Amino acid sequence: MSSEFGRIKREDISEIIEGICKLPARERTALKRCCGKLLKDADAGATMAFYQVYSLPANLDWTKDRLFTVACMRCMWDVLGEEDGEEEKTVPIEKVLYKKRRELEEKDSGGWSGMERRLLRLLDRKWDRDGILCTDLWRMVKQMKNEGNIIDMVSLGWDLCNWNAAH
């Protein structure tokens, strides 16, 4: 990412994710149905729902696909909060992966090798317009959700926005 594109702040991502949580259930469902898709491939309902919460300046347009991805994945979990007296305990994806690896190592299981291959393949990809990284990431997050984890989408959004960055 060159300096001409501008840098996004964690607060910007947090505002978008908070906005997603405040959307009506019908619009969150439309976003959830687009998990693993890029914004350009999304249906009209999901696109309209996303643009209700996306209001970043034009120099941050390069973040739209990445933030759409995390917005859709955020909708995989029910909205918990003040109304049911619960607070979400989100975990960064890297901590879930670390925990999983430790569990598999303790069991002396060969299961990590398959997950490790998928993870390395995912990390080797560049974020581009073909959507393969988006789909592979969604599958991994879906597996983590099925194991009872609530992934921190602000952290994941930050990671995605810095994915191809030259540091």
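What counts as what
- Residues numbered from 1 in each chain as written.
- Predicted model: local features only at pLDDT ≥ 70, side-chain atom pairs only at ≥ 80, totals over all residues.
- Heavy atoms only, no water.
- Axes fitted to C-alpha atoms, helices over the stretch in contact; angles between N-to-C directions.
- Helix = DSSP H or I, 4+ residues; strand = E, 2+ residues; numbered from the N terminus.
- Parallel < 35°, antiparallel > 145°, perpendicular 65-115°, else oblique.
- Left-handed = near helix turned anticlockwise from the far one by under 90°.
- Contact = heavy atoms within 4.5 Å.
- Nonpolar A, V, L, I, M, F, W, Y, C, P; charged D, E, K, R; others polar.
- Salt bridge = Lys/Arg side-chain N within 4 Å of Asp/Glu carboxyl O.
- Disulfide = S-S within 2.5 Å.
- pLDDT = per-residue confidence, 0-100.
- 1 Å grid on protein atoms, 1.4 Å probe; cavity = no way out; pocket = protein on both sides within 12 Å on 5 of 7 lines; lining within 4 Å.
- Points joined across faces, edges and corners; volume = space filled by probe spheres on them.
- Phe/Tyr/Trp six-rings, centres within 6.5 Å; stacked < 30°, edge-to-face > 60°.
- Buried < 20%, exposed > 50% of the residue type's maximum accessible area, 1.4 Å probe, protein only.

Packing of helix α1 (residues 10-22) against helix α8 (residues 153-161) leaves a shortest axis separation of 9 Å and a crossing angle of 130°. Looking at the two axes, α1 sits oblique to α8. Handedness of the crossing formed by α1 with α8: right-handed. Across from Arg10, Ile13, Ser14 and Ile17 in α1, the residues of α8 making contact are Met153, Val154, Ser155, Gly157, Trp158 and Cys161. Partitioned by chemical class, the residues of the contact of α1 with α8 number six nonpolar, three polar and one charged.

Our focus in this paragraph is the pattern of salt bridges. Tallied over the full model, the rule gives six salt bridges. Connected via shared salt-bridge partners are Arg125, Asp136 and Arg139.

Among the structural elements, Lys37 can be located in the loop between α2 (25-32) and α3 (44-53). Separated by 96 residues in the primary sequence, Lys37 and Leu133 place their C-alpha atoms 9.8 Å from one another. Among all residues touching Lys37, those that are not within four sequence positions of it are Phe68, Thr69 and Cys134.

Structurally, the position occupied by Gly45 is in helix α3. Linking Gly45 and Arg28, residues 17 residues apart in sequence, is a C-alpha distance of 9.6 Å.

Attention now moves to the state of the cysteines. One pass over the full model with this rule turns up zero disulfides. We note that Cys35 lacks a disulfide partner, and the nearest cysteine sulfur, in Cys72, lies 5.5 Å from it.

Taken as a whole, the protein shows an average pLDDT of 85; of its residues, 86% reach a score of 70 or greater. The element-level mean pLDDT for the protein is lowest in helix α6 (residues 111-124), coming to 75, with α3 highest at 97.

With that settled, consider the packing of α1 against helix α4 (residues 64-74). A pair of packed helices is characterised by two quantities: the angle between their axes and the separation of those axes. With their axes 10 Å apart at the nearest point, α1 and α4 run at an angle of 40° to one another. Read as a crossing pair, α1 and α4 show a hand that is right-handed. Packed against α1, whose contacting residues are Ile13, Ile16, Ile17, Ile20 and Cys21, the element α4 presents Leu67, Val70, Ala71 and Arg74 at the interface. Residue composition of the contact of α1 with α4, by class: eight nonpolar, no polar and one charged.

On to the layout of surface pockets. Looking at the second largest pocket, its volume works out to about 160 Å³. If you trace the second largest pocket, you find it lined by Ile93, Glu94, Leu97, Leu119, Leu122, Leu123, Leu137, Leu156, Asp159 and Trp163. If you list the elements that add at least two residues to the lining of the second largest pocket, you get α5 (93-106), α6 and α8. The residue makeup of the lining of the second largest pocket, split by class, is eight nonpolar, no polar and two charged.

Attention now moves to the packing of aromatic side chains. Following the criterion strictly, the structure yields four aromatic pairs and no others. Ring centres 5.5 Å apart and planes at 65° place the aromatic pair Phe50 and Tyr51 in the edge-to-face group. Of the residues examined, Phe50 reaches a relative accessible area of 0% and is grouped as buried. When its relative accessible area of 36% is taken as the criterion, Tyr51 is described as partly exposed. Every member of this aromatic cluster is reached through a ring pair, and the members are Phe50, Tyr51, Tyr54 and Phe68.

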